Amino acid sequence: MFFKKYNQALAFLLVFVFLLTLLPLNVFAENASSVCWDGVSTKEPKTLVKVDGIYYYELSTAEELAFVAQAEGNWRKFNYRLTADIILNDTEIKSDDKGNLINNPTTLNAWKSICDFEGTFDGNGFFVSGLYTERGLFDESHGKIYNLSVKNAYVSGAGSGGICHNSRGEIKNCTFSGTVISSRELVGGLVGFNGGKISDCQNYGKVILTDTEDSTASGAGGIVGCGSYGNNIENCQNHGDIYSLGDRVGGIVGWGSVSNSSNYGTVQAQNQVGGICGTGSATNVINFGTIQGNNNIGGILGWGRGDCVNAENHGNIVGNNEVGGIVATNFSIKIVNCYNDGRVIGNTYVGGLYGNNDPFGYDAGVILNSYNAGEIFGKDYVGGLVGYFTQKEMSNCNNYANVVGNTNVGALIGYSESIWGKGTVELCYYLKDAENNTNLNAFGNAPDEIGIAEGKPKSFFPYFGNIKGDANGDGKVTAIDARWALQAASGARTLTQEQKAAADANGDGKITAIDARWILQAASGSRVL
């Protein structure tokens, strides 16, 4: 009986396997209509549909997309909408750590980028895979590009971007993964140069800028290589690593303005390197990546050309000259509601918030309501908050971490010109105990009683309100506080007594994953602490 059932099952299995061999090879593909392009064929799209009052040509094949790329005239002004995934190359396109193409280029279908586009291109949630080109899926666009994912891509050439070389219109809700590499200036994960608006986009690819053709190569970013100033890049994330032999390199943009965005990738370059912007301004941003370079290396901005407001840095910052947890150096800007808890390492002009604020002596900027909680290591002009201070005002700023250096070393400021009447420092305090800043004054070039405008620094200044759940002490309860509590529960983070009291959300005298959950619920509004 057993063998009879066994033979029946075996016979059924053999029949099933035989039937499988009769099916097309692409039946289990991500989209059954996604047939790989042959690299040559084009087909004029015929299906015209009306969606939300707007007419679109539907594109369901690579041949139809290739027709749009090669057509001229009104075809560049029409609207298009993908109805299937598009495969330009069906082999995995690989590159080495330096961005060099591993595949034999003669075996890949080269893509001619869509030029001078003025319409609307709706990816409709579908992807274009196997892009191999010198500029991007689009070359220059004055139109709108939405809801598109480009993956398994290799883009190389001056000013290249995974989605578009030069965007003067709008790009929204787009994603890129692959490699973008250029031997000249301006290279971005999604866009090389942006003169329009970019929002809700993500990069998971490598971005590499070499200087083999241009010794002054600059402008590389996880989202954009270079953008015009103004908050034209918002709600974006970079998860890819960025490497450059040039300057002005950032996790989001090489130079430009950014808001409501975050970087998770490692950024390595020469000068003016930042977790968010190499050069520019930033509002409501967070950096988690390690930032490394030579001069002007900052957790948020390498070189500040605009204000930095509501910014957090949690990555380690490593450089040589002018190294800051938030901003390396600047042109008289405002730093407001910012904090750093990453380790900051450099040689000269090293600070938890600023390396060298206002190196040109404009005495115009201010630093307000900000703090440092990351260890600071340097040699000369080293401060818990600022390495070299010439700012107009610094108020309500605190340092909770140890500062180590050789000369001009201060628990708050390495060297301050405020003692000569150039700017004021008030209501700023630092942690001083058996393990932190034991032999340091607030300023490296003056005793405490001279350095502070309103009173001698206290041994410890409480956090901004002692709010239950506010583990990092920034005056609000967010998901970051929950992460701090979870790290403390696992032993990955050491908290001060004040931080422990705030992180102990349920009040049981210890910090556990339950506290982290309570804090996260409080941050979302589902629990009141």
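To start, this report covers the structure provided alongside it. (Residues numbered from 1 in each chain as written. Predicted model: local features only at pLDDT ≥ 70, side-chain atom pairs only at ≥ 80, totals over all residues. Heavy atoms only, no water.)

Thoughts on the overall build of the protein chain
Scanning the protein chain from N- to C-terminus turns up 6 helices and 51 strands. Among the 529 residues that make up the protein chain, the fraction classed as buried is 53%. Contacts spanning at least 24 positions in sequence make up 72% of the contacts within the protein chain whose residues lie at least 6 apart. Total accessible area on the protein chain is roughly 21,700 Å²; 50% of this is exposed by carbon and sulfur atoms. (Helix = DSSP H or I, 4+ residues; strand = E, 2+ residues; numbered from the N terminus. Buried < 20%, exposed > 50% of the residue type's maximum accessible area, 1.4 Å probe, protein only. Contact = heavy atoms within 4.5 Å. Areas by Shrake-Rupley, 256 points an atom, 1.4 Å probe, with all protein chains shown as cover.)

Observations concerning the sheet that holds strand 43 (residues 380-383)
Pairing is parallel in the open sheet, where 9 strands are placed in the order 14-19-24-27-30-33-38-43-48. Both outer strands of the open sheet, strand 14 (187-188) and strand 48 (407-410), are each paired with one neighbouring strand and no more. Where strand 19 (residues 218-221) lies against strand 24 (residues 247-250), 3 bridges are found, and the strand directions are parallel. Across the sheet, residue Ala220 finds its bridge partner in strand 24, namely Val249. (Pairing = 2+ DSSP bridges.)

So, the nonpolar core
Of all hydrophobic cores here, the largest spans 95 residues; its most connected members are Trp111 and Met394. Broken down by element, this core gets its largest block of residues, 6 residues, from helix 2 (residues 62-70). When near neighbours in sequence (up to four residues on either side) are disregarded, Met394 contacts Ile367, Leu385, Val386, Phe389, Ile413, Thr424, Val425, Glu426 and Cys428. Tyr371, Ala471, Ile480 and Ala488 belong to the second-largest nonpolar core, a separate cluster that totals 14 residues. (Core = buried A, V, L, I, M, F, W, Y, C linked by side-chain atoms within 4.5 Å.)

Remarks on the pairing of strand 33 (residues 321-324)
Sheet topology places strand 30 (residues 295-298) next to strand 33; 3 bridges connect them, and they run parallel. The residue of strand 33 that forms the bridge with Gly298 is Gly324. Summarising the sheet, strand 33 and strand 38 (residues 348-351) pair through 3 bridges and their orientation is parallel. When the sheet's bridge partners are listed, Val323 is paired in strand 38 with Val350.

Let's talk about the side chain of Asn398
Within the secondary structure, Asn398 sits in strand 46 (residues 398-399). At 3.3 Å, the side chain of Asn398 and the backbone nitrogen of Tyr429 are in polar contact. (Polar contact = N/O pair within 3.5 Å; in protein donor to acceptor, adjacent residues only side chain to side chain.)

Some thoughts on helix 6 (residues 513-524)
Counted at 1.5 Å a residue, the expected span for helix 6 with its 12 residues is 16 Å, and the 17 Å between its end C-alpha atoms agrees. Within the span of helix 6, buried status applies to Asp515, Ala516, Ile519 and Ala522. All buried residues of helix 6 lie within an arc of 125° about the axis, which places them on one face of the element. Packed against the buried residues of helix 6 are helix 4 (479-490) and helix 5 (497-503). Looking at the residues trailing helix 6, positive phi occurs at Gly525, about 90°. (Expected span 1.5 Å × (residues − 1). Arc of directions from axis to C-beta.)

Let's talk about the pattern of salt bridges
If you walk through the whole model with that rule in mind, you get 7 salt bridges. Close ionic contact of Arg76 with Asp116 constitutes a salt bridge, the shortest N to O distance being 3.4 Å. Within this pair, whereas Arg76 is found in the loop between helix 2 and strand 3 (80-82), its partner Asp116 is found in the loop between strand 4 (86-87) and strand 5 (120-122), the two being separated by 40 residues in sequence. Residue classification places Arg76 among the buried positions, given a relative accessible area of 16%. In this structure, Arg135 engages Asp139 in a salt bridge whose closest nitrogen and oxygen atoms are separated by 3.6 Å. (Salt bridge = Lys/Arg side-chain N within 4 Å of Asp/Glu carboxyl O.)

Digging into the state of the cysteines
Tallying each qualifying case throughout the model produces 0 disulfides. We note that Cys428 lacks a disulfide partner, and the nearest cysteine sulfur, in Cys397, lies 4.8 Å from it. (Disulfide = S-S within 2.5 Å.)

As for the packing of helix 4 against helix 6
Contact geometry for helix 4 and helix 6: axes closest at 8 Å, N-to-C directions at 180°. Between helix 4 and helix 6, the crossing angle belongs to the class labelled roughly antiparallel. Every residue of helix 6 that contacts helix 4 at Ala479, Asp481, Ala482, Ala485, Leu486 and Ala489 is listed here: Ala513, Ala516, Ile519, Leu520 and Ala523. Of the residues in the contact of helix 4 with helix 6, the class split is 10 nonpolar, no polar and 1 charged. (Axes fitted to C-alpha atoms, helices over the stretch in contact; angles between N-to-C directions. Parallel < 35°, antiparallel > 145°, perpendicular 65-115°, else oblique. Nonpolar A, V, L, I, M, F, W, Y, C, P; charged D, E, K, R; others polar.)

Notes on unusual backbone geometry
Despite not being glycine, Asn173 shows a phi value in the positive range, around 55°. Mapped onto the elements, Asn173 comes out in the loop between strand 12 (170-172) and strand 13 (175-182). Its identity is not glycine, yet Tyr349 carries a phi of approximately 55°, on the positive side. Considering the arrangement of structural elements, one finds Tyr349 in strand 38.

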